[in-house]
Amino acid sequence: YANGTAAAAAVELASPPAARQPFVIGVSGGTASGKTTVCDMIIQQLHDHRVVLVNQDSFYRGLTAEESAHAQDYNFDHPDAFDTEQLLECMGQLKRAQPVNVPIYDFKKHRRCSETFRKVNASDVIILEGILVFHDQRVRNLMDMKIFVDTDADIRLARRIRRDTVERGRDISSVLDQYGRFVKPAFDDFVLPSKKYADVIIPRGGDNHVAVDLIVQHICTKLGQHDLCKIYPNVHVVQSTFQI
Ligand code: CTP
């Protein structure tokens, strides 16, 4: 450093830091709360970094033909509806900076597209989004930051009716029936109790630009510390200030 000593508090000449790991963000919240919008806003603002989005929906178990015939009686909002072991495997690989093939889920057929996958490459930031990503402790433990998108239930229901009828091939009566039988009870039993694990709770979801700006600032600070380790591999960042 130009002025030698003090300007630079706290970079410590030390053993090399551990290999760089991606920064993992979990984004949870009730159905149609605006999780995807919040993720898109974060991704847009982090344009200088490599960011990938992984959806918990991709890990829905496919229904058998028999279950499919009675899909209206199937609880898609229970934690057992997801193949969490496979989700953990994929996330583990991404954390080790290895590319993975993520399944593609078809909401109309209630099963995975059998031969197509989405290839997800190693990245600086991994965002894992879904209604129950805070439910399993092993999944939570992968996360460096947990965000809960908190949107009023009436707004969520209105959005869900619109989305499921327009994009997921449902009729209004089946959407309302599913909401009352499964979606709302599972929200009360599993999603809402997992809110306590969040580091940040965003009211009003994607409408809350201030919250998203603050979150992005925090992520950039964390990534900046990572980048410093990359540029000076034998320098260990002790605090957010420097020292020779
Ligand atoms: N679901 C369904 N049929 C399936 C599989 C899932 O209706 N075959 C529903 C479940 O009932 C669950 C919802 O899909 O409540 C989960 O998706 P959701 O979180 O609503 O979708 P996102 O687009 O991630 O939500 P957001 O609007 O918050 O981005």
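The notes below deal with the structure included here. None of these values were measured; they are calculated from a predicted model.

### Quick word on the overall build of the protein chain
Helices and strands together make up the secondary structure of the protein chain, namely 7 helices and 9 strands. Sequence-distant contacts, at least 24 apart, represent 77% of the contacts inside the protein chain between residues at least 6 apart. Here the protein chain has roughly 12,900 Å² of accessible surface; of this, 52% comes from carbon and sulfur atoms.

### Some points on the sheet that holds strand β2 (residues 23-29)
Overall, parallel pairing links the 5 strands, which are arranged β3-β6-β2-β7-β8 in an open sheet. A single partner strand is all that each edge strand has here, and the edge strands are β3 (51-55) and β8 (200-203). On average, each strand axis in the sheet is inclined to that of its neighbour by 20 degrees, with strand direction left out of account. Inspection of the sheet shows β3 paired to strand β6 (residues 125-129) by 5 bridges, in the parallel sense. By the bridge assignment, Val52 is partnered in β6 with Ile126. This element, helix α1 (residues 35-45), spans β2, β3, β6, β7 (145-150) and β8 of the sheet and lies at about 170 degrees to β6.

### Describing the nonpolar core
Counting residues in hydrophobic clusters, the biggest one holds 33 residues, and the most contacted among them are Val54, Tyr60, Met91, Ile126, Leu128 and Met143. Among the secondary structure elements, those contributing two or more residues to this core are β3, α3 (84-95), β4 (100-106), β6 and α6 (172-191). When residues of this core are assigned to their parent elements, the largest contribution, 5 residues, is made by α3. Leaving out residues up to four positions away in the same chain, Tyr60 has contacts with Phe76, Ala81, Phe82, Tyr105, Phe107, Arg112 and Ile131.

### Comments concerning the pattern of salt bridges
Following the criterion strictly, the structure yields 10 salt bridges and no others. Ionic pairing is found between Arg50 and Asp124, a salt bridge with its closest N-O pair at 3.5 Å. One end of the pair, Arg50, is in the loop between α1 and β3; the other, Asp124, is in the loop between β5 (111-120) and β6, and 74 residues separate them in sequence. Among the salt bridges present, the one from Asp164 reaches Arg168, with a minimum N-O distance of 4.0 Å. Each member of the pair, Asp164 together with Arg168, is buried. The structure contains a network of salt bridges with shared partners spanning Arg160, Arg163, Asp164 and Arg168.

### Notes on the site of the ligand
For the ligand, the set of nearby residues contains 21 residues, the closest of which are Thr31, Thr36, Asp77, Glu129 and Arg160. Here Ala32 contributes a backbone N or O atom positioned 3.3 Å from an oxygen atom of the ligand. One of the side-chain nitrogen or oxygen atoms of Lys35 is found 2.8 Å away from an oxygen atom of the ligand. Coverage of the ligand by the protein chains reaches 94% of its 630 Å² of free accessible surface. When each cavity is represented as a set of grid points, the ligand is found to reside in the largest pocket.

### Description of the environment of Ser33
With respect to the element layout, Ser33 can be found in the loop between β2 and α1. By relative accessible area, which is 0% here, Ser33 ends up buried. Ser33 sits 122 residues away from Ile155 along the chain, and the two C-alpha atoms are 8.0 Å apart. With residues near it in sequence (within four places) discarded, Ser33 still touches Val149, Thr151, Arg156, Arg159 and Gly205.

### Notes on empty space enclosed by the protein
For the structure shown, the criterion picks out 1 cavity of 30 Å³ or more. Space inside the largest cavity adds up to approximately 40 Å³. As for the largest cavity, its lining consists of Gly30, Thr31, Asp77, Ile131, Arg156, Val183, Phe187 and Val191. Considering every element that reaches the lining of the largest cavity, the biggest residue donor is α6, with 3 residues.

### Concerning the packing of aromatic side chains
Each pair of aromatic rings is reported with the distance of its centres and the angle of its planes. Under the criterion given, the structure shown has 6 aromatic pairs. Between the aromatic rings of Tyr60 and Phe82, the centroid separation amounts to 4.3 Å while the plane-to-plane angle is 25 degrees, which identifies the pairing as stacked. Linking Tyr60 in the loop between β3 and α2 (65-69) with Phe82 in the loop between α2 and α3, this pair joins segments that are 22 residues apart in sequence. Classification of Phe82 by relative accessible area gives buried; the value is 2%. For the ring pair Tyr74 and Phe76, a centre distance of 4.8 Å and an interplane angle of 55 degrees mean the geometry is tilted. The residues Tyr74 and Phe76 share a single accessibility class, namely buried. Within the aromatic cluster, the residues linked to one another by ring pairs are Tyr60, Tyr74, Phe76, Phe82, Tyr105 and Phe107.

Calculation notes
- Residues numbered from 1 in each chain as written.
- Predicted model: local features only at pLDDT ≥ 70, side-chain atom pairs only at ≥ 80, totals over all residues.
- Heavy atoms only, no water.
- Helix = DSSP H or I, 4+ residues; strand = E, 2+ residues; numbered from the N terminus.
- Contact = heavy atoms within 4.5 Å.
- Areas by Shrake-Rupley, 256 points an atom, 1.4 Å probe, with all protein chains shown as cover.
- Pairing = 2+ DSSP bridges.
- Axes fitted to C-alpha atoms, helices over the stretch in contact; angles between N-to-C directions.
- Core = buried A, V, L, I, M, F, W, Y, C linked by side-chain atoms within 4.5 Å.
- Buried < 20%, exposed > 50% of the residue type's maximum accessible area, 1.4 Å probe, protein only.
- Salt bridge = Lys/Arg side-chain N within 4 Å of Asp/Glu carboxyl O.
- Near = heavy atom within 4 Å.
- Polar contact = N/O pair within 3.5 Å; in protein donor to acceptor, adjacent residues only side chain to side chain.
- 1 Å grid on protein atoms, 1.4 Å probe; cavity = no way out; pocket = protein on both sides within 12 Å on 5 of 7 lines; lining within 4 Å.
- Sits in = over half its atoms within 2 Å of the grid points.
- Points joined across faces, edges and corners; volume = space filled by probe spheres on them.
- Phe/Tyr/Trp six-rings, centres within 6.5 Å; stacked < 30°, edge-to-face > 60°.

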